[in-house]
Structure formats: structure tokens, C-alpha cells
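Residues per chain are reported as follows:
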Amino acid sequence: MNITYISLGVAIGLIVLGGIRIVRPMSRGLIERLGKYNRFAEPGFHWIIPAVDRMVQINITENMADAEPQEIITKDKLNAVVDAQVYFKVKDTEKDVKASMYNVNRYEWQIVNLARTTLRNIIGTMSLSDANSERGKINADLMKTLIKETSNWGIEVVRTELKEINPPKNVQETMNSVVIAENQKQAAIDFASSVETKADGERRAIIKEAEGFKQASILKAEGQAKAFDLINKAFIGNAQTLKRLEVTENALKENTKFFIPENTTLVIGESGGIIPLKGKN
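Residues numbered from 1 in each chain as written. Predicted model: local features only at pLDDT ≥ 70, side-chain atom pairs only at ≥ 80, totals over all residues. Heavy atoms only, no water.

Enquirer: So what exactly am I meant to see when it comes to the overall build of the chain here?
Expert: Each helix and strand in the chain was counted, giving six helices and eleven strands. Residues classed as buried in the chain amount to 24% of the 281 residues present. When contacts within the chain are restricted to residue pairs at least 6 apart in sequence, those whose partners lie at least 24 apart make up 60%. Looking at the chain as shown, the accessible area adds up to about 19800 Å², and 57% of this sits on carbon and sulfur atoms. (Helix = DSSP H or I, 4+ residues; strand = E, 2+ residues; numbered from the N terminus. Buried < 20%, exposed > 50% of the residue type's maximum accessible area, 1.4 Å probe, protein only. Contact = heavy atoms within 4.5 Å. Areas by Shrake-Rupley, 256 points an atom, 1.4 Å probe, with all protein chains shown as cover.)

Enquirer: Please explain helix α3 (residues 107-123) as it appears in this structure.
Expert: Each full turn of the α-helix corresponds to 3.6 residues, which orients residues three or four apart in the same direction. For α3, which comprises 17 residues, the first-to-last C-alpha distance of 24 Å matches the rise-based estimate of 24 Å (1.5 Å per residue) to within 8%. Those residues of α3 that fall on the buried side of the exposure criterion are Tyr107, Ile111, Val112, Leu114, Ala115, Thr118, Leu119, Ile122 and Ile123. (Expected span 1.5 Å × (residues − 1).)

Enquirer: Would you mind showing me how to read the packing of aromatic side chains here?
Expert: The geometry of two aromatic rings is summed up by the distance between their centres and the angle between their planes. Scanning all chains against the criterion turns up two aromatic pairs. With centroids separated by 6.4 Å and ring planes inclined at 75°, the aromatic side chains of tyrosine 37 and tyrosine 102 adopt a geometry described as edge-to-face. Remark: tyrosine 102 occurs in helix α2 (residues 94-102) and tyrosine 37 occurs in strand β3 (residues 36-41); sequence separation between them is 65 residues. Judged by its relative accessible area of 37%, tyrosine 102 is partly exposed. (Phe/Tyr/Trp six-rings, centres within 6.5 Å; stacked < 30°, edge-to-face > 60°.)

Enquirer: Please clarify how the pattern of salt bridges should be interpreted in this entry.
Expert: If charged atoms from side chains of opposite charge come close, those side chains can pair. If you walk through the whole model with that rule in mind, you get seven salt bridges. One salt bridge in this structure joins glutamate 42 and arginine 28, with 3.5 Å as the shortest N-O distance. Of this pair, glutamate 42 sits in the loop between β3 and β4 (44-47) while arginine 28 sits in strand β2 (residues 27-33); the two residues are 14 residues apart in sequence, bridging distant segments of the chain. Using a relative accessible area of 41% as the deciding quantity, one classes glutamate 42 as partly exposed. Take arginine 28: its relative accessible area is 10%, and that puts it in the buried class. Between arginine 159 and glutamate 161 there is a salt bridge, and its shortest N-O distance comes to 3.5 Å. Under the relative-accessibility criterion, arginine 159 is labelled partly exposed at 33%. Among the residues examined, glutamate 161 registers a relative accessible area of 33% and is labelled partly exposed. (Salt bridge = Lys/Arg side-chain N within 4 Å of Asp/Glu carboxyl O.)

Enquirer: Even after reading the chapter, I still don't get the side chain of serine 127, so can you show me in this structure?
Expert: Take serine 127: it is sitting in the loop between α3 and α4 (128-133). What makes serine 127 buried here is its relative accessible area of 15%. Reaching out from serine 127, the side chain makes a polar contact with the side chain of aspartate 130 at a distance of 3.0 Å. (Polar contact = N/O pair within 3.5 Å; in protein donor to acceptor, adjacent residues only side chain to side chain.)

Enquirer: What exactly am I supposed to notice about the pairing of strand β7 (residues 70-73) here?
Expert: Successive side chains on a regular strand alternate, one facing one side of the sheet and the next facing the other. Side chains of β7 alternate between two faces, with Gln70 and Ile72 buried and Glu71 and Ile73 left unburied. Counting the residues between successive antiparallel strands, the hairpin from β7 to strand β8 (residues 79-90) contains five residues, one of them, lysine 77, with a positive phi of roughly 65°. (Pairing = 2+ DSSP bridges.)

Enquirer: Explanation requested: unusual backbone geometry in the structure shown.
Expert: For residues other than glycine, phi is negative in most cases, and the peptide bonds are mostly trans. A positive phi is found at alanine 51, a non-glycine position, where the angle reads about 70°. Unusually for a residue other than glycine, lysine 77 sits at a positive phi of about 65°.

Enquirer: Explain the packing of α3 against helix α5 (residues 135-149) to me, please; I cannot follow it from the model alone.
Expert: For any two helices packed against each other, the geometry comes down to the angle between their axes and how far apart the axes lie. Contact geometry of α3 with α5 gives a least axis separation of 10 Å together with a crossing angle of 135°. Our classification of the angle between α3 and α5 gives oblique. For the element pair α3 and α5, the recorded crossing hand is right-handed. Where α3 abuts α5, its residues Leu114, Ala115, Thr118, Leu119, Ile122 and Ile123 lie against Ile138, Asp141, Leu142, Thr145, Leu146 and Glu149. Across the contact of α3 with α5, the residue classes tally to eight nonpolar, two polar and two charged. (Axes fitted to C-alpha atoms, helices over the stretch in contact; angles between N-to-C directions. Parallel < 35°, antiparallel > 145°, perpendicular 65-115°, else oblique. Left-handed = near helix turned anticlockwise from the far one by under 90°. Nonpolar A, V, L, I, M, F, W, Y, C, P; charged D, E, K, R; others polar.)

Enquirer: How should the sheet that holds strand β5 (residues 53-59) be read in this particular structure?
Expert: Two modes of strand pairing occur in sheets, parallel and antiparallel, and in both the strands are linked by backbone hydrogen bonds. Taking strand neighbours across the sheet as the criterion, the three strands line up as β3-β2-β5 in an open arrangement whose pairing is antiparallel. The sheet is open, and its two borders are formed by β3 and β5, each paired with just one other strand. Averaged over all neighbouring strand pairs, the angle between strand axes comes to 25°, with direction disregarded. In this sheet, β3 lies alongside β2 in antiparallel orientation, the contact comprising five bridges. Looking at β3, one finds that glutamate 32 is bridged to tyrosine 37.

Enquirer: Please clarify how the side chain of histidine 46 should be interpreted in this entry.
Expert: Relative to the helices and strands, histidine 46 resides in strand β4. Residue classification places histidine 46 among the buried residues on the basis of a relative accessible area of 16%. Discounting chain neighbours no more than four positions away, the residues touching histidine 46 are Gly19, Ile20, Arg21, Val23, Ala41 and Met55.

Below is the structure:
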């Protein structure tokens, strides 16, 4: 009896221990019973019936799928090597976790192949130069298509990244030569513009200097003209005064008397024989 109880206890203990399941925070669990979905397992402790129940844990953290390099023929008949990456994650709700398990087989592999096919469709309608210059548009179109096609997979496409678009080697060399030529051309234009700007500055400086010299000469000439005019007026005034004095002197010699208006400035007083004459009212 004791052996039977011990065996039974050991069997029950093994069953209990064998049914213990721990779901970590980065996962969600789906518990199936006899091949049929039974319940959803949140993070924490769970117990299932061994050999009857089965738990499948699904990672819900962000994952990256590499589409891997592939050759794509562009619209202008060139073979471009294209590589891209897709970042996605399974949504954490029961509905979405179930969809990722039961609606699609190996969603990681499916996303990779869907991304490769979508890239061929997008870049195949573009020229190589357009594909290189419109990477943002390619990323946007790729993500839009992935979101639409995976809408019932229970996953969220976080972002897509176009890693590289490499043209054939001979085309790459030609493109590099064009870029070098364009850079040299721009450098020559910048140098010519700099020389022209310097020459224009020097010309403006010479013009301003000449205008300053001209203005100074004009001001100097005007000053000299005014000085000559003042000298001339002073000379004429002095000549008139001398003439009056000469006439007066001659008159005094002849003892002649003159009458001048009252408001006239007297050059010689009454002792000289000149008497002011009052004007008639």
C-alpha cells in the first residue's frame, strides 16, 4: 500500500510539475486542448494538463526581417542590387496573437518574401536615377503595401528601410564621373563669381575715390572763387573811398565848401569846411 501511495504521489507530482508554464512579459501564450484553441495566456504563471494541453508562446517585441539583396531590372533596363529591412511586431491582444498563429504560416518568412516581391514591383516601374533619388517614396510605398497585405496577420509593420540600391559597376563608374565633373564645374563657377565680386569691389572703390577727389576739387574751387569775389569787392570799395578822399583833398586845397546830406557819413569834420545840409521836409 505504501508503495502504491508513493507511486501515485510521484505521478501526481510529475503531472503537476510537467504542467507548469511561465509566460514572460515579452510573450503571450495560446493554450490548445486536444488540438483546439482553449484560452489566452497573459504573462505570469499558468498550469496546463500534460499530454492534453499545449501552450504556444508568441514573442510580441519588435523584430527585423532582412529582405536580403536581390537584382531588380529597372525601367531603363539596368540591373540594380536592392536590399531592404522590415521592422514589425505581433500585437499583444488575444485576437491579434491568435491571428499571427492561425491566419498565416511563419509570418517572418512571409514578410520577407512579400517585401522582396513588392520591391520588384515598385522599382521595376522606375529608372535607376529616380530610384536613387526617391528612396523615401519607395519606403512609403513598401510600407503601405505591407500594412495592407498583413492586415489580418495580427502584426504591426513599424517601419521599412531601404538599405541600398547599387547599380552595375560600369554604370556606377559613369555616375561617379558625372558627379566629379559637376563638382568641378560648380567649383569653377564659384571661383569665377568670387573673382568677379572682387573686381567689382575694387572698381567701386576706385569710382568712390574719384568721386571724392572731384567733390573736393569742386569745393576748393568754390572756396577760391568766393575768396576772389570778396577781395574784388573790398578792392572796389577801397578804390571808391580813395577817390572820395582825393576829391575832398583837392577841394580843401581850393577852399571849396560842399554840402552833403545829413545821413551821409562825414569823412572830414566841420573844421575842414564841410557843413552838413539838412534835407527839406
